Amino acid sequence: MAKITKLDDIVSLCKRRGFIFQSSEIYGGLASCYDYGPLGVELKRNVRAAWWNSVVQMRDDVVGLDSSILMHPLVWKASGHADKFADVIVECKKCNTRSRVDHLTSGAEEHTEHVPVETAMTDAAALDKKVCPNCGQVGQFTEPMAFRLMFETQMGANVDDTMRLFLRPETAQGIFANFRNVLDSTRVRIPFGIAQIGKSFRNEVTTKAFIFRTREFEQAELEFFCEPGTDDEWYEHWRQQRFEWYLSLGIKKENLRFREHDLDELAHYAKACVDVEYRFPFGSGDWQELEGIANRTDFDLRQHQRGMRTLNSWFEKKGDLSQIELNSEADNYHKGPLSYFDDQTKKRYIPYVIEPSAGIDRSALAFLVDAYDEEEVRGETRNLLRFHHSLAPTKVAVFPLVKKDGMPEIAVKIYDDLKGHFTCFYDEKGAVGRRYRRQDEAGTPFCITVDGQTIEDSTVTVRQRDSMEQVRVATDQLKNYLRGELEL
RNA sequence: GCGGGCGUAGCUUAAUGGUAAAGCCCCAGCCUUCCAAGCUGGUCAUGUGGGUCCGAUUCCCAUCGCCCGCUCCA
C-alpha cells in the first residue's frame, strides 16, 4: 500500500482539491493560519458532528454548551493562565539554542509545568551561573525574553475607556464558569459532563507542521464531573471511549496509541493524564498528540470559588490583574457556591473532573492523512481518500453516463431528489471515468450513473469508491439504499 | 528566535542578464454507452519590496511564507 512520507504531499492535495488553503495567501500568507476550503469545511463539520454525536447525543449523562470566547479576566486569574501561561526564555550565545529559564535551574530534569513569570524573572537574575543544556557553556545567555501565550484584545470602541481582555486559550474554563448555570437550569445529576466545541488561541512560541500546531485552533472538550473516589474509573472509561472513537472513524490501529504522562510530567493539579497519539508523516515520522485525557481533580472549581471571592479586589485595583492576589480558599470550601449536593447520599462536595480535550484540526488532519491511498489501476495511479462514510465531505455524486439521450435530465432529477438528504454533487462533463476518479480524490463514497438501461427499467448503477464495484438499484429505492449503506 | 533548504500557471517540472516552455489539471466545443481515451480551442506564473543594470525571473539586499532540525507544546 502506498504511503505518504512527506507532509508536502498532503499540503499539495489539500490545496489542489480545496480542503485547506493558507490564510491570506494573496498577501503572501499569514504564518500559522489556514483556511478550510469547500471540501475541508465539510470534512471539519463532519468531524465535529461525529464528536458531538459520540460525546453528547448518544449519552444520557452529557449536555452541550457554547460559551463565548471573551470572558471576564478574573477567569484567567483563577485558572492560573494569567500568571503561569507565560514563558521566559533565554538563548545561549554560543550555540544559539533557546531554553526556558525554569529549565536551567539545575542539571536534573524537573517538571515541565509553567512557572509564574516573576519567579522566572527572579531566576533570570542568576543567569551567569546557569548551564546551557545543549552545549554546556556557563552564563553565556541573552537577556531573558518573556512570552505571553495568551492573545490580548480590548473591549469597548472608545480607546480611552477600554477593558483589556484575553482570547481564551482553552474552551474548558467556559465550562467551569457555567457549571452552576447548567446545574440550576437542567436536571443533570453527578456524574455528568458538559461538552463544548470552539476556537481557542495561544501564542505558541513555535508553530509546527501545517495545521498541526497553529495559534488559532479548534478544540472539542468535555468536562465530566464525578464524585471524588469515582474519578479513577471515569478516567479509565473516557480513555477507552475516546481511543475507540478514532478507531470507529477509520483510523488504522497501527497509527494510534496511548502515551501515559509520567508523574513528574503532570501539571501540579492533575492526578493522571494520557495522550492519544497519531503517527503523523512529519519529517521525524513521530507520534504526535491528538487528544489529552486528564484527571483534573477538583482544582478548577476550587480555583473559581477563590476567583469569585476576589471580585472586590478586582474593582479596587481597577482590573489590573498583575496587582491582584487571588483570595485564599474558604475553610469550608467544599460547601462553596460551586459545590454539589447529592440528595441521594446527602453529601456535599466539589466534584472531580475528567477532561478529554481533543484538537479538531489535528483530528481532521489525521483523518485526511490516514484516509489517503494510492493504488495501481490498469497501469494508472488511482488517488483516493478512503474516508469513513460519516466523514466524507460529499456522500453521493450523480452522473449521466453521456450528455445526451435524455440522461442528463434524469440524472438532474435524481440529484435534486437526493440533495435534501445527503451532500451531493452533480457532474456531466467529460468521460465518466474521469468523473469517477475526481470523486475518488475527494473521498466521495458513492457515484450514481444514469445509463441507457435507466431509460428502459428505471434502474441506475451505484459505484463504490473503495472497490470500484457497481450494483444496479431501482431509482425509487435509491434513497433507502444509500441510507442503509451510509448508516445515516 | 537560531541553523539549513525552498519559493516560476491550480499541480509537477523547464529555461534565460534580452519574447518565460511543457505535461497534467481546469474551462468551452466535438466525439464518447462505465473507470483520468481522443481531437480543436482557451484561461492561468517568476511570493512581495527595494538596489545594480539600457534591460532582472536570473545578480545583490530586505521582507513574507513553507519544509527540515533545534527549542517548545494541546
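Residues numbered from 1 in each chain as written. Chains lettered and ligands numbered in written order. Predicted model: local features only at pLDDT ≥ 70, side-chain atom pairs only at ≥ 80, totals over all residues. Heavy atoms only, no water.

Along the polypeptide, Ser-357 turns up in strand S16 (residues 352-359). A distance of 2.8 Å separates the side chain of Ser-357 from the side chain of Glu-221, its partner in a polar contact. Those residues in contact with Ser-357 that lie beyond four places of it in its chain are Gln-219, Ala-220, Glu-221, Leu-290, Glu-291 and Gly-292. (Helix = DSSP H or I, 4+ residues; strand = E, 2+ residues; numbered from the N terminus. Polar contact = N/O pair within 3.5 Å; in protein donor to acceptor, adjacent residues only side chain to side chain. Contact = heavy atoms within 4.5 Å.)

Looking now at the pairing of strand S19 (residues 396-400). Within S19, five of the five residues are buried, leaving the element largely enclosed by the surrounding structure. Burial of S19 is two-sided: the residues Val-396, Val-398 and Pro-400 facing one way and the residues Ala-397 and Phe-399 facing the other way are all buried. Of the pairings in the sheet, the one linking S19 to strand S20 (residues 424-426) comprises three bridges and is parallel in character. Across the sheet, the residue bridging to Val-398 is Tyr-426, located in S20. As a crossover connection, the stretch from S19 through helix H12 (residues 407-418) into S20 is right-handed. (Buried < 20%, exposed > 50% of the residue type's maximum accessible area, 1.4 Å probe, protein only. Pairing = 2+ DSSP bridges. Right-handed = clockwise from strand over helix to strand, strands pointing away.)

Before going further, it helps to spend a moment on helix H11 (residues 360-371). An ideal rise of 1.5 Å per residue puts 16 Å on 12 residues; H11 measures up with 16 Å between its terminal C-alpha atoms. Those residues of H11 that fall on the buried side of the exposure criterion are Ile-360, Asp-361, Arg-362, Ser-363, Ala-364, Leu-365, Ala-366, Phe-367, Leu-368, Val-369, Asp-370 and Ala-371. (Expected span 1.5 Å × (residues − 1).)

Here we take up the sheet that holds strand S10 (residues 216-226). Either a parallel or an antiparallel arrangement is found when strands of a sheet pair, and the pairing is made through backbone hydrogen bonds. The sheet built from seven strands is open, its strands ordered S3-S9-S10-S16-S13-S12-S11 with mixed pairing. The outermost strands of the open sheet, each flanked by one partner alone, are strand S3 (62-65) and strand S11 (256-260). Sheet twist, expressed as the average angle between the axes of neighbouring strands with direction ignored, equals 20 degrees. Most of the contacts of helix H8 (residues 231-248) go to strand S13 (residues 287-297), to which it runs at about 155 degrees, and overall it touches S3, S10, S11, strand S12 (272-279), S13 and S16. (Axes fitted to C-alpha atoms, helices over the stretch in contact; angles between N-to-C directions.)

It is worth spelling out the domain arrangement of chain A at this point. By the assigned domains, chain A splits into domain 1 (38-83 + 151-367), domain 2 (87-147) and domain 3 (394-486). Distance from the C-alpha centre of domain 1 to the C-alpha centre of domain 3: 43 Å. (Domains from an automatic or database assignment.)

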